[in-house]
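Each chain, written out:
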Amino acid sequence: MRELGKRLQTIVDYVNPDQRVADVGCDHAYVSMELAEKKNCTCIAMDIKEGPLETAKENIWGQRLDKKVETRLSDGLKELREGEVDAVVIAGMGGHLIVDILKDGAEKLRPGMQLVLSPQSDLRLVRYELRKRNIFIEQESCLQDAGKWYFVLNCKVGIRMPMEVPDEVAKENMMYGTYLPQHPTDEFREFLDWEAKGLQVLIKDLEKQKTPAARARRGSLTRQLEENRKLRETL
């Protein structure tokens, strides 16, 4: 009996049913199997490492889902053929890596395609790159799972893909996006409070350091704290 946890279950909930899905960095293929069983999706469970892929294959065969879920060794989207899927799931990795995967596989992304992303870091960079590439965040969740905070982004590739938008537009609303501030949840409010406390601790520690790098970092974190507080007051 597989336990998805709150983050993976949110990813599954976001994926539209009856689609062909590429599950990039599939690990044990739990998301792919759940999509096959609960959303009537056919999936390609992809991973760059043979070990996790072998485990995924065993899990898939164990659940008799091999007709709906296949495994494929792939660095990002490189082994995916153009037009082969309707949706792409990328989770369980840092934001920089997710951005690189989307850049390297840009020709595989079609207008209207669904992307469900869950970066473990560098969320601002992900927001920037998505908007820069005319990919829109249509829905977003902030959640806590096993003591850690996660964000899950439900995105759609714009009809003007791959036309890039101006840099000044891409830089707007990078910190917290627009969906959660407009549709705040109790967990998002809790996250903002948690983040503010952490920023205060970091700023206080940096005040003890007199290097230019420390001053620059302190200034950046202070601006982030101000933006956090400003948003929190409105929710």
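Residues numbered from 1 in each chain as written. Predicted model: local features only at pLDDT ≥ 70, side-chain atom pairs only at ≥ 80, totals over all residues. Heavy atoms only, no water.

## A few points about the packing of aromatic side chains
To keep it simple, the criterion reads: For Phe, Tyr and Trp, where Trp contributes only its six-membered ring, two rings pair if their centres lie within 6.5 Å, and the inter-plane angle classes them as stacked under 30 degrees, edge-to-face over 60, or tilted in between. By the criteria applied, helices consist of DSSP H or I runs no shorter than four residues and strands consist of E runs no shorter than two, each listed in order from the N terminus. Working definition: with a 1.4 Å probe on protein chains only, accessible area under 20% of the residue-type maximum means buried, over 50% means exposed, and in between means partly exposed.
Within this structure, the stated rule accounts for five aromatic pairs. Ring centres 6.3 Å apart and planes at 70 degrees place the aromatic pair Y176 and F188 in the edge-to-face group. Of the two residues, Y176 sits in the loop between helix 6 (167-170) and helix 7 (179-182) while F188 sits in helix 8 (residues 186-206), which places them twelve residues apart along the sequence. The residues Y176 and F188 share a single accessibility class, namely buried.

## Points about the side chain of S32
Rule in force here: Whenever a nitrogen or oxygen atom comes within 3.5 Å of another N or O atom, the pair is scored as a polar contact, on the condition that within protein one atom can donate a hydrogen and the other can accept it, and that pairs from neighbouring residues in sequence are kept only if both atoms are in side chains. Pairs of residues are marked as contacts when any of their non-hydrogen atoms sit within 4.5 Å.
With respect to the helices and strands, the residue S32 is situated in helix 2 (residues 30-38). Classification of S32 as buried rests on a relative accessible area of 0%. Separated by 2.8 Å, the side chains of S32 and D23 make a polar contact. If sequence neighbours within four positions are ignored, S32 has contacts with D23, C43, A45 and V69.

## What to know about the side chain of E140
Following the sequence through the fold, E140 ends up in strand 6 (residues 135-145). Not counting residues up to four positions away in its chain, the partners in contact with E140 are Y14, L123, R127, F151, V152, L153, Y179 and L180.

## Thoughts on the pairing of strand 7 (residues 148-157)
Condition: Note on pairing: DSSP must find at least two bridges between two strands before they are called paired.
Here strand 7 lies mainly inside the structure; eight of its ten residues are buried. Bridge count for strand 5 (residues 114-119) against strand 7 is four bridges, and the pairing is antiparallel. Bridge pairing in strand 7 links L117 to L153. Pairing of strand 6 with strand 7, which is carried by ten bridges, proceeds in the antiparallel orientation. Bridge assignment links S141 to a residue of strand 7, and that residue is V152. Taking the residues that link successive antiparallel strands as the turn, the strand 6-strand 7 hairpin has two residues, and the phi of A146 there is positive, at about 55 degrees.

## Description of the packing of helix 4 (residues 95-104) against helix 5 (residues 123-132)
For clarity, the threshold we go by: Axis definition: a line fitted to C-alpha atoms, over the contacting stretch in the case of helices. Angles run 0 to 180 degrees between N-to-C directions. Convention used here: angles under 35 degrees read as roughly parallel, angles over 145 as roughly antiparallel, angles from 65 to 115 as roughly perpendicular, and any remaining angle as oblique. For any pair of crossing helices, the crossing counts as left-handed if the nearer helix is rotated counterclockwise from the farther one by less than a right angle, and right-handed if it is rotated clockwise. Residues are grouped as follows: Ala, Val, Leu, Ile, Met, Phe, Trp, Tyr, Cys and Pro are nonpolar; Asp, Glu, Lys and Arg are charged; all remaining types, including Gly, are polar.
Where helix 4 contacts helix 5, the axes come no closer than 8 Å and their chain directions differ by 20 degrees. Classified by the interaxial angle, the pair formed by helix 4 and helix 5 is roughly parallel. Regarding helix 4 and helix 5, the two cross each other, and that crossing is left-handed. Together, G95, H96, V99, L102 and K103 of helix 4 and L125, V126, E129 and L130 of helix 5 make up the contact between the two elements. In terms of residue class, the contact of helix 4 with helix 5 is made up of five nonpolar, two polar and two charged.

## Things to note about the sheet that holds strand 5
Pairing is mixed in the open sheet, where seven strands are placed in the order 3-2-1-4-5-7-6. The open sheet is flanked by strand 3 (69-73) and strand 6, the only strands paired with a single partner. Averaged over all pairs of adjacent strands, the angle between their axes in this sheet comes to 15 degrees, without regard to strand direction. Contacts from helix 1 (residues 5-14) reach strand 4 (87-93), strand 5, strand 6 and strand 7, with the element oriented near 155 degrees to strand 6.

## A look at the pattern of salt bridges
Side chains carrying opposite charge are able to pair once their charged atoms draw close together. Using the following cut-off: Salt bridges are counted wherever a side-chain nitrogen of Lys or Arg sits within 4 Å of a carboxyl oxygen of Asp or Glu.
In the structure shown here, the tally under the stated rule is 17 salt bridges. A salt bridge links K57 to E54; the shortest N-O distance between them is 3.8 Å. Here E54 and K57 lie together in helix 3 (residues 50-62), a separation of three residues that amounts to about one turn. Looking at E54, the relative accessible area reads 43%, which means it is partly exposed. Where E140 meets R127, a salt bridge forms, and the shortest distance between an N and an O atom there is 2.7 Å. With E140 in strand 6 and R127 in helix 5, this pair connects stretches of sequence that are 13 residues apart. In this pair, the class of E140 matches that of R127, namely buried. Each of E70, R72, R81 and E84 takes part in a single network of salt bridges with overlapping partners.

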